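# Remarks on the overall topology
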Amino acid sequence: MTASAARRCLTVVLAAGEGTRMRSNLPKVLHKAAGRTLLGHVLAAAQEAGSDATAVVVGPGREDVAAEAARVAPGARTFVQAERRGTAHAVLAAREAIRDDYDDVLIVYGDTPLIRPETLRSLRAPLAHGASVVVLGFEARDPTGYGRLISRGESLVAIREEKDASDEERAIRLSNGGLMAIAGGRALELLEKIGDRNAKGEFYLTDIVEVAVMSGLAVAVEAAPEADVQGVNDRSQLAVAEAEFQSRLRAKAMSGGATLVAPETVFLSHDTALGRDVLVEPNVVFGPGVTVGDGAVIHAFCHLEGADIGPDVSVGPFARLRPGATLATGARVGNFVEVKNAEVGEGAKLNHLAYVGDASVGPRANLGAGTVTCNYDGIAKHRTTIGADVFIGTNSSLVAPVTIGDGAYVGTGSVVTDDVPPDALAIARARQVTKPGRAARLKAAFRARKGA
Ligand code: UD1
Ligand code: MG
């Protein structure tokens, strides 16, 4: 166990920002990237970094943000910052949590979703070796707008906000990522010494550095890649964050043994789980909650969400798997097939143009082209149960609730409204009428009418 893993850690997430530049009815931290809210990414990173408790600081009336925090990090406490008076003021909104004797207090921003657990772990590490404040620094390509790290010799002595900085200080590229780790035993005392004498008249968290230095306490800087601390303030930056998540997720999928033929065209979610030797063809979208077993093939242009795909399954091209689709080993779901809330048994085939919803399909069953489970009567949903080794003829409608027993056979073009017992043959369509010579006479009559 590492020193920091043994230490008790509180994470304070600042999420009281208005996010006005998003031009959205949704609070900024509830916008999504890689299938998860920005807040969700930050909370998950903190948990993976070994944080024991979470305090989320939200703006007034933001029950939606509080609910998302509770969903992603059960047990998270929410605190309201009634007025926006700066980052230190926001942290102090969580005073009651900070008071609870943690070894480490980690401060993160709800709109900085790309922060990785390993970066948070290294941010905490110096606390175990006597530092009272650790600042996450990075070399900014363009430092405009960031606080600059002011050092004397080897030591950090202050963080100067852009608005308060001299020209000389503005030339510094080493910038404040905004995230910090503070020794829990000192946190309240240091935060409460921060004043509001600066260009914005706010309580700046960054001033904690000067406060600590004046008290003779050790301050450390941990370096991070710029991508980790990139914030999301508008839709363009949201797209930049999405792109960064996608490149991380694609790399992770490939290093785990999946082949992505054209990785830049495959879109993954934060929780997409691809097995070994999975092959993903171009232009596939994975929504949240998809697992794919070893050796499965996802052909081009599929859209998958909330689906559990077994080993050696073949999906697509042009298939849609919706939440609750569960495909057992070796099942085949072909082109223009939609599956929702349905279990498809081992080796079953749904090869062409079908809709299978609220259903179970037994092993080795074969559903012909155009098979449709009619699951909705306009008021309620009903289930269709298809047994093992069933054969459903092309263009059949199965009107739920209905059960097709093991080994049964449904004739092409049937509309099945009654249960079919095992091994029975059901034909539910009008009988064919054939009239010899009648087509020729009909055509002659039509031609005569046109000529007249
Ligand atoms: C802050 C840092 C700056 C750093 C930059 C990194 C301060 C004073 N400055 O500046 O050094 O380079 O982040 O991105 O800390 N918030 C609240 N309540 C408030 C104010 C802010 O909850 O009263 C939240 C915001 O929602 C946001 C975070 O704190 O999540 C940072 O606030 P923001 O206004 O973006 O600070 P910056 O000016 O970017
Ligand atoms: Mg900011």
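Residues numbered from 1 in each chain as written. Chains lettered and ligands numbered in written order. Predicted model: local features only at pLDDT ≥ 70, side-chain atom pairs only at ≥ 80, totals over all residues. Heavy atoms only, no water.

## What about the nonpolar core?
Counting 59 residues, the largest nonpolar core has Phe286, Ile298, Leu304, Ile309, Val315, Leu321 and Ile404 as the members making the most contacts within it. Contributions of two or more residues to this core are made by helix H11 (235-255), strand S22 (325-327), strand S23 (332-344), strand S24 (349-361) and strand S30 (402-404). Looking at this core, you find at least three residues from each of domain 1 (9-229) and domain 2 (235-426). The residues touching Leu321, leaving out its near neighbours within four places in the chain, are His303, Leu304, Glu305, Ala307, Ile309, Val315, Leu327, Val333 and Val339. (Core = buried A, V, L, I, M, F, W, Y, C linked by side-chain atoms within 4.5 Å. Buried < 20%, exposed > 50% of the residue type's maximum accessible area, 1.4 Å probe, protein only. Helix = DSSP H or I, 4+ residues; strand = E, 2+ residues; numbered from the N terminus. Domains from an automatic or database assignment. Contact = heavy atoms within 4.5 Å.)

## Brief notes about the site of ligand 1
Around ligand 1, the structure places 18 residues, and the nearest of them are Gly17, Gln81, Thr87, Glu161 and Asn176. The backbone of Gly17 places a nitrogen or oxygen atom 2.9 Å from an oxygen atom of ligand 1. Gln81 places a side-chain nitrogen or oxygen 2.6 Å from a nitrogen atom of ligand 1. When residues of the shell around ligand 1 are traced back to their parent elements, those giving at least two are helix H4 (87-92) and strand S10 (174-183). Looking at the shell around ligand 1, its residues break down into 6 nonpolar, 8 polar and 4 charged. (Near = heavy atom within 4 Å. Polar contact = N/O pair within 3.5 Å; in protein donor to acceptor, adjacent residues only side chain to side chain. Nonpolar A, V, L, I, M, F, W, Y, C, P; charged D, E, K, R; others polar.)

## Section: the side chain of Asp358
Relative to the helices and strands, Asp358 is located in strand S24. For Asp358, a relative accessible area of 6% translates into the label buried.

## Some words on helix H2 (residues 38-48)
Residues that lie three or four places apart on an α-helix share one face, since the helix turns once every 3.6 residues. Of all the 11 residues making up H2, 9 are buried; the element is thus mostly covered by neighbouring parts of the structure. By the burial criterion, the buried members of H2 are Leu38, Leu39, Gly40, His41, Val42, Leu43, Ala44, Ala45 and Ala46. Once H2 finishes, Gly50 follows within two positions and takes phi at roughly 90 degrees, a positive value.

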